[in-house]
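# Summary of structural features
Now for the letters of each chain:
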Amino acid sequence: MRQSLFRRLRPIPPNNRQIGFFFDGARRHEALQELYTNNDPVHAIAEKKGNFEGVNYSIDIYQGFPIEFKTTNANKGISSHWLRQNIYYMLASEAKNGILQIQRKRPKKNDNNFPAYLLELDENQRQYWLNDFRERKDLFLKAVETSDPSILPVYRGEDEWKSGMPAWTCDDCTYLNECNEIESKAGRPTYSPTIRRSYSRKPKTEESLSASNIQK
Ligand code: SF4
């Protein structure tokens, strides 16, 4: 939420890296949708637009349920952020179920790299999440009215951050410095961008590339 407000208050054009992520994500999303639909109208995914509790939405609907495609480098776990988003879509579209389709980009040998989850809410849970939605919406509106990102919580990605893993969301956030200032003033932990892991290999020497070294 805080990053969204920063973007609204001080829009900054995305850098090349962010544009790359956007296109990569859009392409994966499209490919996953095609896998589901497979040119069969019965399995078509339709876009539903509307307004829920004063908030405009655009949701992908599959077989009457909201469906969300997510891609991750993690080979286990489900982001609570994804669950919340899917649940909000269920509330908005008044659907009984929601589908979360994940693509794990780096699965280990026996992992399922396309796990899918069917979400279901009972009446108490529905009410709980409706209250959650309203509270977060009110908080965001208050932050917009007062132009104050500090009242919004930080979101650094998932729990792996707490156990020392990089917070990718913050690593790629254009507003990291401002966000850290807020946290520092409030006496809360700030975030230092992680040094990107290098995937570069040692350049091959001329000798190792020479034709005589090529195995026949
Ligand atoms: S630095 Fe992280 S927590 Fe702060 S606004 Fe950016 S993404 Fe959100």
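Residues numbered from 1 in each chain as written. Predicted model: local features only at pLDDT ≥ 70, side-chain atom pairs only at ≥ 80, totals over all residues.

## With respect to the overall build of the protein
Across its full length, the protein holds seven helices and five strands. Starting at the N terminus, the α and β elements of the protein follow one another as α-α-β-β-β-α-β-β-α-α-α-α. Among the 216 residues that make up the protein, the fraction classed as buried is 12%. Relative to all contacts within the protein whose residues are 6 or more apart in sequence, the contacts with residues 24 or more apart total 55%. (Helix = DSSP H or I, 4+ residues; strand = E, 2+ residues; numbered from the N terminus. Buried ≥ 20, exposed ≤ 12 C-beta atoms within 10 Å, placed from the backbone. Contact = placed C-beta atoms within 7 Å.)

## Here's the deal with the nonpolar core
Core analysis: the biggest nonpolar cluster contains 12 residues, these being I59, F65, I67, I87, Y88, Y89, M90, L91, A95, I99, L100 and I102. Residue assignment for this core shows that the elements contributing at least two residues are β3 (65–72), α3 (80–93) and β4 (97–104). With near-sequence residues (within four places) excluded, L100 lies in contact with E68, K70, W82, N86, A116, Y117 and L119. Counting five residues, the second-largest nonpolar core is a separate cluster that includes V154, A167, C170 and C173. (Core = buried A, V, L, I, M, F, W, Y, C linked by C-beta atoms within 7 Å.)

## Brief notes about the packing of α3 against helix α4 (residues 123–146)
A pair of packed helices can be characterised by two numbers: the angle between their axes and the separation between those axes. At a minimum axis separation of 10 Å, α3 and α4 run at an interaxial angle of 100 degrees. For the element pair α3 / α4, the angle class is roughly perpendicular. Where α3 abuts α4, its residues I87, Y88 and L91 lie against R126, W129, L130 and F133. Taken together, the residues that form the contact of α3 with α4 break down as six nonpolar, no polar and one charged. (Axes fitted to C-alpha atoms, helices over the stretch in contact; angles between N-to-C directions. Parallel < 35°, antiparallel > 145°, perpendicular 65-115°, else oblique. Nonpolar A, V, L, I, M, F, W, Y, C, P; charged D, E, K, R; others polar.)

## Points about unusual backbone geometry
Positive phi, close to 50 degrees, is recorded for E53, a residue that is not glycine. Look at E53 and you get exposed, because 12 C-beta atoms sit within 10 Å.

## Considerations on the site of the ligand
Around the ligand, the structure places R2, Q3, F6, V154, Y155, R156, T169, C170, C173, Y175, L176 and C179. Counting residues per element, the ones that place at least two in the shell around the ligand are α1 (2–9), α5 (168–171) and α6 (176–185). Per element, the largest residue contribution to the shell around the ligand is three residues, and it comes from α1. (Near = placed C-beta within 6 Å.)

## Some thoughts on the sheet that holds strand β2 (residues 55–62)
Pairing is mixed in the open sheet, where five strands are placed in the order β1-β2-β3-β4-β5. Strands at the two margins of the open sheet, each flanked by one partner only, are β1 (45–52) and β5 (116–120). Taking the axes of each pair of neighbouring strands and ignoring which way they run, one obtains an average angle of 40 degrees across the sheet. Note: β2 against β3, two bridges, orientation antiparallel. Looking across to β3, one finds that Y62 is bridged to F65. Here α3 sits on the sheet in contact with β1, β2, β3, β4 and β5, set at roughly 165 degrees to β3. (Pairing = 2+ DSSP bridges.)

## Considering the confidence of the model for the protein
Any region with low pLDDT has predicted coordinates that should not be read closely. For the protein, the average pLDDT comes to 83, and 86% of its residues sit at 70 or higher. Predicted confidence in the protein is weakest over helix α7 (residues 206–209), with a mean pLDDT of 44, and strongest over α4, with 96. (pLDDT = per-residue confidence, 0-100.)

## A word on the pairing of β4
Across six bridges, the pairing between β3 and β4 is parallel. Paired with T71 across the two strands is Q103, which belongs to β4. Remark: the β3/α3/β4 crossover connection has right-handed handedness. Looking at chain direction, β4 and β5 are connected through five bridges and run antiparallel. By the bridge assignment for β5, I99 is matched with L118. (Right-handed = clockwise from strand over helix to strand, strands pointing away.)

## A look at α4
The terminal C-alpha atoms of α4 lie 35 Å apart, and with 24 residues this matches the ideal 34 Å at 1.5 Å per residue to within 8%. Little of α4 sits out of view: just one of its 24 residues are buried. Positive phi shows up at S147, right after α4, with a value of about 50 degrees. (Expected span 1.5 Å × (residues − 1).)

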